[in-house]
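Structure at a glance
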Amino acid sequence: MKITFVKPNIGRLEHSLYVDQGRMEPLMLGVLAGLTPPDVECVLIDDRIEPMRYDEATDLVAITVETFTARRAYEIAAEYRARGVPVILGGMHVSLLPDEAAAHADSLFIGDAETLWAQVVDDARQHRLRARYQAAPGPAQLGGCLPRRDLFKGKGYLPISLLQFVRGCRSRRLWAVA
């Protein structure tokens, strides 16, 4: 099995502000690849710095969506789906606007993917991807996951490595209100 992780760009206008010069590693996709079983081939395509490779065979495409990349994420998803490749969308935008995102994907992940990513991979292997995966409310437990930094090699990222040791608010009272 092969999963292609995609980090979309804002758009694709050469010689303009749309071309991303920051080029920081997409840590969230490295974390997902790190949570993926070792027998699954993982590939990263960063639309900010390299062309999309739609003709490259893959079994599942996982796209992270931020509000400012939603339009481009939906374009990429549409191209893969037109080729018969299932697409799962996740990220902050999908968690905030799942009904909008649902029109552009075979599956959605709402919330922190670490909680159920193993289930997504297993379901994809068995060709029974669910329409939605919903993480339990509250902060995700991040312990023990090592990001797949090998996916970042040769892509021209800035010479810094990102890390994450906590996410969100630790107050359960605030989660109950949301």
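Details of the structure are given in the entry above.
This text gives an overview of the structure that appears in the document. Everything numeric in this text was worked out from a predicted model, so none of it was measured. (Residues numbered from 1 in each chain as written. Predicted model: local features only at pLDDT ≥ 70, side-chain atom pairs only at ≥ 80, totals over all residues. Heavy atoms only, no water.)

Attention now goes to the environment of Ile 63. Tracing the chain through its elements places Ile 63 in strand β3 (residues 60-64). Residue Ile 63 is classed as buried on the basis of its relative accessible area, which comes to 2%. When near neighbours in sequence (up to four residues on either side) are disregarded, Ile 63 contacts Val 6, Pro 8, Ala 73, Ile 76, Ala 77, Val 87, Ile 88, Leu 89 and Gly 90. (Helix = DSSP H or I, 4+ residues; strand = E, 2+ residues; numbered from the N terminus. Buried < 20%, exposed > 50% of the residue type's maximum accessible area, 1.4 Å probe, protein only. Contact = heavy atoms within 4.5 Å.)

In this section: helix α2 (residues 70-82). With 13 residues, α2 should reach 18 Å at 1.5 Å per residue; the first-to-last C-alpha distance of 18 Å fits that figure. Turning to α2, its buried residues number three or more, namely Ala 70, Arg 72, Ala 73, Tyr 74, Ile 76, Ala 77 and Tyr 80. Elements in contact with the buried residues of α2: β1 (2-7), β2 (41-46), β3, β4 (87-90), α3 (92-96) and α4 (98-102). (Expected span 1.5 Å × (residues − 1).)

So, on to the side chain of His 93. With respect to the secondary-structure elements, His 93 resides in helix α3. On the accessibility criterion, His 93 (4% relative accessible area) is buried.

In spatial order, the strands read β2-β1-β3-β4-β5-β6; together these 6 strands make up an open sheet with parallel pairing. What marks the edges here is a single partner per strand, and that holds for β2 and β6 (132-134). Strand after strand, the sheet turns through a mean of 20° between neighbouring axes, direction not considered. Bridge count for β4 against strand β5 (residues 107-110) is 2 bridges, and the pairing is parallel. Looking across to β5, one finds that Leu 89 is bridged to Leu 108. α2 contacts β1, β2, β3 and β4 of the sheet and is inclined by roughly 165° relative to β4. (Pairing = 2+ DSSP bridges. Axes fitted to C-alpha atoms, helices over the stretch in contact; angles between N-to-C directions.)

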